[in-house]
Amino acid sequence: MRTLVSQTAQNLRPSGIRRYFDIAATMDDVVTLGIGEPNFVTPQHILEKGIESLRRGETGYTSNSGTIELRRAISGYIERLYGLHYQPENEVLVTVGVSEALWIALKAVLDPGDEVLVVQPCFVANAAAVEMAGGLPVIVNTSVEHEFQVTGAALEAAVTPRTKAILISYPNNPTGAILTREHILQVAAIAQKHDLVVLSDEIYERLVYDADHICFASLPGMFERTIVLSGMSKTFAMTGWRIGYAAAPAPLMEAMRKLHQYLIMSAPTMGQAAALEALEHGEDDVEHMRVQYDRRRRLIVSGFNDLGLTCFDPRGAFYAFPSIEATGMEDEDFCERLLHEERVAVVPGSAFGQSGSGFVRASYATSDDNIERALERMSRFMRRYG
Ligand SMILES: Cc1ncc(COP(=O)(O)O)c(C=O)c1O
């Protein structure tokens, strides 16, 4: 019988994160710093709006693009944050998380064989999404020596006549880096020079510490060539509601809307009702959660540094990305031993791209107590291997 599975699917590498969770799930008393989602429950008033929507019997589809009320709220939110105006009618799309937004954005701009500059380390789905959309990911590495900043020179060196787009995601998962104005302007200059689309995944935009987030589309000349991706998952502790959005100039959005319509129909209806409440009345919740993440960030980063796991200072998202060089181990080996010997789950940096090798990702979107227990166990581990 011929092979039933497509070459594209065969070529995709399984996510390097899942393996550790599968092992951890078979063990007792594991402290996990592995999960990339808020440990908060969705704030009560937001949750209630979702429930009320169901109780009102709103169990059907919405307009393909999302309810006009929610699109207006998204447009208003972006304007409030960055002074940018997107038309709710034709420049905003409500999606099933950034996951869907990323996929349709790529599909909207790529023809088969087009290349996308994928800045790594990054979210595990990025390179795979480019491949699934028929493109070729061209990896542009960043390093701790340059504070995980992507430079214009590194992008320039990777550009070919087939390059169509740049995919960046800052604040960054897994490093916690944010992009400085100097570097973000370099990215913009390359996009301009080579006439590229920029897909900017800004899902952690509100989780920044002692720093400001710059929306890529707000840079001079960038609005016309940028697709901004963001959503509710991280900012409002709403991962399970599956609501994200894309904002882009009308011609790009028109293409994305067609793809979304055939692929998804419309994003979850009760989730849209909850998202509307989040955007209209959720600011205090955002700040409350951000302050707690910030405290945990300091706790975990100083804890790692004290253990000899030198840790880059993360200014965004909710991840710490310490170097494990002191142990002399490969990152996968480190994670496996740490899990089996001390029952602490972290994720090998190489799961986020080759330039993540030699690091591990530890999420501090967990309780202070969990962080302290993990550090205590890791201190025993480091006494043996440090
Ligand atoms: C950088 C980044 N983009 C997108 C996602 C997916 O988000 P969503 O829940 O909106 O699909 C994640 C989730 O971890 C992420 O870290």
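Provided above is the structure to which this section pertains.
The rules behind the values
Residues numbered from 1 in each chain as written. Predicted model: local features only at pLDDT ≥ 70, side-chain atom pairs only at ≥ 80, totals over all residues. Pairing = 2+ DSSP bridges. Helix = DSSP H or I, 4+ residues; strand = E, 2+ residues; numbered from the N terminus. Axes fitted to C-alpha atoms, helices over the stretch in contact; angles between N-to-C directions. Contact = placed C-beta atoms within 7 Å. Near = placed C-beta within 6 Å. Nonpolar A, V, L, I, M, F, W, Y, C, P; charged D, E, K, R; others polar. Expected span 1.5 Å × (residues − 1). Buried ≥ 20, exposed ≤ 12 C-beta atoms within 10 Å, placed from the backbone. Parallel < 35°, antiparallel > 145°, perpendicular 65-115°, else oblique. Left-handed = near helix turned anticlockwise from the far one by under 90°.

Novice: Before we go on, may I ask you to explain the sheet that holds strand β2 (residues 92-95) in this structure?
Specialist: Remark on secondary structure: sheet strands pair via backbone hydrogen bonds, oriented parallel or antiparallel. What the seven strands build is an open sheet, ordered β2-β8-β7-β6-β5-β3-β4; its pairing is mixed. Edge positions in the sheet fall to β2 and β4 (136-141), since each has one partner strand and no second. Put simply, the sheet's adjacent strands are angled 20° from each other on average, direction ignored. Direction of pairing for β2 relative to strand β8 (residues 244-247): antiparallel, over a ladder of four bridges. Residue V92 lies in a different strand from β8, and its bridge partner there is A247. Relative to the sheet, helix α5 (residues 97-109) contacts β2, β5 (163-168), β6 (197-201), β7 (226-231) and β8, its axis offset from that of β7 by approximately 165°. Against the sheet, helix α9 (residues 250-263) engages β2, β7 and β8, with an angle of about 25° to β2.

Novice: I would appreciate a short explanation of the site of the ligand in the present structure.
Specialist: Not every one of the 13 residues close to the ligand is listed here, only the nearest: G97, V98, S99, F123 and S233. Looking at the shell around the ligand, the element that brings in the most residues is α5, giving three residues. Classifying every residue of the shell around the ligand gives three nonpolar, nine polar and one charged.

Novice: Before we go on, may I ask you to explain helix α4 (residues 68-82) in this structure?
Specialist: Its 15 residues give α4 an end-to-end C-alpha distance of 21 Å, which sits within 8% of 21 Å, the value for a rise of 1.5 Å per residue. Of all the residues in α4, the buried ones are L70, R71, A73, I74, S75 and I78. Tucked inside the fold, the buried residues of α4 contact β2, β8 and α10 (269-281). With its phi angle positive at about 70°, G83 sits one or two positions after the end of α4.

Novice: Help me out: how do you make sense of the packing of α4 against α10 in this one?
Specialist: Relative placement of two packed helices is described by the angle separating their axes and the distance separating the axes. Interhelical geometry of α4 versus α10 gives an angle of 30° and a closest axis separation of 9 Å. Classified by the interaxial angle, the pair formed by α4 and α10 is roughly parallel. Handedness of the α4/α10 crossing: left-handed. Counting all contacts with α4, which are made through E69, L70, A73, I74 and Y77, the residues of α10 involved are Q272, A275, L276, L279 and E280.

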